[in-house]
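Residue-level listing of the chains:
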Amino acid sequence: MRKILIVNPKGGSGKSTLSTHLASWFAWQEAKVMLGDLDRQHSSHHWLDLRPETLPQINRWEIGDDHIARPPKGCQVAVLDTPACFSGGKLKKVLKIVDHVIVPLLPSAFDLWASADFFEELAEMKAVRHENVQVGAVGMRVNSRTQAAHQLPEFLRKFDIPLITSIRDTQLYNQTIQRGMTLFDLPASKIERDQAEWQPLIDWVLKR
Ligand SMILES: Nc1ncnc2c1ncn2[C@@H]1O[C@H](COP(=O)(O)OP(=O)(O)OP(=O)(O)O)[C@@H](O)[C@H]1O
Ligand SMILES: [Mg+2]
C-alpha cells in the first residue's frame, strides 16, 4: 500500500489540489484509493461529496487527528491532506504511517520563507532521518517564464529536497475542483500539457 502525505504549514500552497489530483489519478488506474482529510475545513472531503458517481471511485479515509488510524486493509493508495499550520507532534505521528511526503510550494518569497522552517523541522524528524519516508516538493501555480520559478530549485537545494515537478497556473483547477472533479477527469486531449507536468510526480510515487 502506498501512503502519501501532502503537507505544507503555509496556507493556500496547493495541498488539497495536490491531494485530490493524486487520488483521482490513482482511481483512474483502478486502484482502491482512500482520501483522508485532517483539515477542519474538510476541503478534500467536501470535494469528495461532490464527486459524480460516474467517475472512478475514491473512498473516504476517516482519520481523527488525535488518533491517526492506518488506512483500512484492502486500500492500495492512501492520500492524506493536511491543514495549514500542521507540524510538531501531529506531523511526527503521521510520519510514522506514511511512506511519501509531498510538499506543494508556491514560487513566492513569502511562501519560501515560511516553508524554510518547515523543511528544517522535517529534516529533524526521525522518519526522515532514517529514510523511512521519501520527501519531495512540487511547485504549484508556476509560471516558468518568471524569475520566481527559477528560485524554487535553488531554494530546495539548500534542504536537499528534490523539486519533482512544477504545475502551471490555470483556471482548469478551480473549474474542475468545484464540480468534484480533477483535470484527470477531463478528456485527455484537453490536458496533454498538464498530464506531462504531473507525470514526474506519478513516476516518483510509483518508483518506491
Ligand atoms: N495550479 C493551479 N492553478 C490555478 N489555481 C490553483 C492551482 N493550484 C491550486 N490552485 C488554487 O489555489 C487555491 C489554494 O489551493 P488549495 O486549496 O489546494 O491549497 P491548500 O494548501 O489546500 O490551502 P489550505 O492551507 O487553506 O488548506 C485554490 O483556490 C486552488 O483552486
Ligand atoms: Mg486545503
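Owing to the predicted nature of the structure, the values given are computational and were not obtained by experimental measurement. (Residues numbered from 1 in each chain as written. Chains lettered and ligands numbered in written order. Predicted model: local features only at pLDDT ≥ 70, side-chain atom pairs only at ≥ 80, totals over all residues. Heavy atoms only, no water.)

Description of the pairing of strand 4 (residues 77-81)
Of all the 5 residues making up strand 4, 5 are buried; the element is thus mostly covered by neighbouring parts of the structure. In this structure, strand 1 (residues 2-6) lies alongside strand 4, joined through 5 bridges in parallel fashion. Residue pairing across strands places Lys3 opposite Ala78, the latter belonging to strand 4. Relative to strand 4, strand 2 (residues 33-37) runs parallel, the two sharing 5 bridges. (Buried < 20%, exposed > 50% of the residue type's maximum accessible area, 1.4 Å probe, protein only. Helix = DSSP H or I, 4+ residues; strand = E, 2+ residues; numbered from the N terminus. Pairing = 2+ DSSP bridges.)

Comments concerning the pairing of strand 7 (residues 163-168)
Direction of pairing for strand 6 (residues 134-142) relative to strand 7: parallel, over a ladder of 4 bridges. Along strand 7, the bridge assignment pairs Val138 with Thr165. Crossover strand 6 to strand 7 through helix 6 (residues 147-157) is right-handed. (Right-handed = clockwise from strand over helix to strand, strands pointing away.)

Considering a positive patch on the surface
Taken together, the side chains of Lys92, Lys93, Lys96, Lys126 and Arg129 present a region of like positive charge at the surface. Only helix 3 (88-95) and helix 5 (126-129) provide two or more residues apiece to the positive patch. With respect to the helices and strands, the residue Lys93 is situated in helix 3. Look at Lys93 and you get partly exposed, because its relative accessible area is 38%. (Patch = residues over 30% accessible without salt bridge, like charges linked within 9 Å, V, L, I, M, F, W, Y side chains within 5 Å. Areas by Shrake-Rupley, 256 points an atom, 1.4 Å probe, with all protein chains shown as cover. Salt bridge = Lys/Arg side-chain N within 4 Å of Asp/Glu carboxyl O. Lys, Arg positive; Asp, Glu negative; His and termini not counted. Charge placed at Lys NZ, Arg CZ, Asp CG, Glu CD.)

Brief notes about helix 3
Of all the positions in helix 3, only Leu91, Val94 and Leu95 are classed as buried. Seen along its axis, helix 3 keeps its buried residues to an arc of 100°; they face one direction. Next to the buried residues of helix 3 lie strand 1, strand 4, strand 5 (100-105), helix 4 (109-124) and helix 5. (Arc of directions from axis to C-beta. Contact = heavy atoms within 4.5 Å.)

Considering the sheet that holds strand 1
Read across the open sheet, the 7 strands follow the order 3-2-4-1-5-6-7; overall the sheet is parallel. Whereas interior strands pair on both sides, the edge strands pair on one side only; in this sheet they are strand 3 (58-61) and strand 7. Across the sheet, the axes of successive neighbouring strands diverge by a mean angle of 25°, strand direction being ignored. Strand contacts of helix 1 (residues 15-28): strand 1, strand 2, strand 3, strand 4, strand 5 and strand 6, with the helix running at about 165° to strand 4, the strand carrying the most contacts. (Axes fitted to C-alpha atoms, helices over the stretch in contact; angles between N-to-C directions.)

Observations concerning the packing of helix 1 against helix 8 (residues 192-207)
Running from N to C, helix 1 and helix 8 cross one another at 75°; their axes reach a closest spacing of 12 Å. It follows from the interaxial angle that helix 1 and helix 8 lie roughly perpendicular. For the pair formed by helix 1 and helix 8, the contact residues are Thr17, Leu18, His21, Leu22, Trp25 and Phe26 on the first element and Gln195, Trp198, Leu201, Ile202, Val205 and Leu206 on the second. Tallied by class, the residues present in the contact of helix 1 with helix 8 amount to 9 nonpolar, 3 polar and no charged. (Parallel < 35°, antiparallel > 145°, perpendicular 65-115°, else oblique. Nonpolar A, V, L, I, M, F, W, Y, C, P; charged D, E, K, R; others polar.)

Let's talk about the side chain of His21
Inspection of the secondary structure assignment puts His21 in helix 1. A polar side-chain atom of His21 sits 2.9 Å from the main-chain carbonyl oxygen of Thr17. (Polar contact = N/O pair within 3.5 Å; in protein donor to acceptor, adjacent residues only side chain to side chain.)

Quick word on the site of ligand 1
The immediate surroundings of ligand 1 are formed by 17 residues, with Gly14, Lys15, Ser16, Thr17 and Arg168 found nearest. Contacts to ligand 1 include Ser13, whose backbone N or O atom sits 3.0 Å from an oxygen atom. Taking Thr17, its side chain carries an N or O atom lying 2.6 Å from an oxygen atom of ligand 1. When isolated, ligand 1 has an accessible area of 630 Å², and the protein chains bury 81% of it. Among the elements that line the shell around ligand 1, the one with the most residues is helix 1, at 3 residues. Classifying every residue of the shell around ligand 1 by side-chain character gives 4 nonpolar, 8 polar and 5 charged. (Near = heavy atom within 4 Å.)

It is worth stressing that arrangement in space is one thing and function is another; only the former is reported here.
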